[in-house]
Amino acid sequence: MSRRDRDRERDQTRGRAGAGAPVTVTVCRGCCCGTQEKHPGVDHAGQFERLREAVGSAGTVRAVKCLDACAHSNVVVVGPSSEGRAAGGRPVWLGWVLADDMVGEIAEWVHAGGPGLADPPGLLDLQLISVSRRVRDGLPG
């Protein structure tokens, strides 16, 4: 099956009700991430809303209080869809997500299928961070 055929099939599957869990974007908005004290001049609430609007129905965007990776704030975790997980995708942790172009690239990635189905676009690969297993396992489901 060609890549174009796989992409077409994937897009058709996404449009079906009950096709599985969508890509999930988890945005840290706790003690360090999302605060003016740590990142003055960043419109954190506006950034979150722009991300939700840009992702639209292609995924789910949610905020959590703390992902315990404060040294990398603002932290965003892009979790694979059911299809992406079946293809080997795992949650990808991004740090220092402070600029609107990063928000756009995250949304572009979600629309392309997210982890397991598409590579991160643009410069997102420079935002990849590693966190301890304790932190990874603590991510709310």
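A short tour of the structure in this document, coming up. Here, residues in each chain are numbered from 1, in the same order as that chain's written sequence. Reporting in this predicted model follows two pLDDT cut-offs: at least 70 for local features of residues, and 80 or more for side-chain atom pairs to be given and counted; totals over whole chains, interfaces and linings ignore these cut-offs and use all residues. Excluding hydrogens and water, the side-chain figures rest on all heavy atoms present in the structure.

Turning next to unusual backbone geometry. Of note, the amide linkage connecting serine 73 to asparagine 74 takes the cis form, showing an omega dihedral of 0°. Secondary structure elements follow DSSP: runs of H or I no shorter than four residues count as helices, runs of E no shorter than two count as strands, and numbering proceeds from the N terminus. Here asparagine 74 is to be found in the loop between β2 (59–64) and β3 (76–79). With phi around 60°, aspartate 68 is a residue other than glycine that occupies positive phi space. Note on placement: aspartate 68 falls in the loop between β2 and β3. Remark: exposure states derive from per-residue accessible area (1.4 Å probe, protein chains only) relative to the maximum for the residue type, with buried under 20%, exposed over 50%, and partly exposed in between. Given a relative accessible area of 41%, aspartate 68 falls into the partly exposed group.

Moving on, we get to the side chain of serine 81. Of note, serine 81 is situated in the loop between β3 and α3 (82–86). Among the residues examined, serine 81 registers a relative accessible area of 9% and is labelled buried. Here the side chain of serine 81 touches glycine 84 through a polar contact of 3.0 Å, landing on its backbone nitrogen. Two residues qualify as a contact provided that any one of their heavy atoms is within 4.5 Å of a heavy atom in the partner residue. Dropping the residues within four chain positions of it, serine 81 is found in contact with Ala21, Pro22, Val23, Gly113 and Leu117. Between N or O atoms, a polar contact is any pair within 3.5 Å; within protein, one atom must be a potential hydrogen donor and the other a potential acceptor, and residues adjacent in sequence are included only when both atoms are from side chains.

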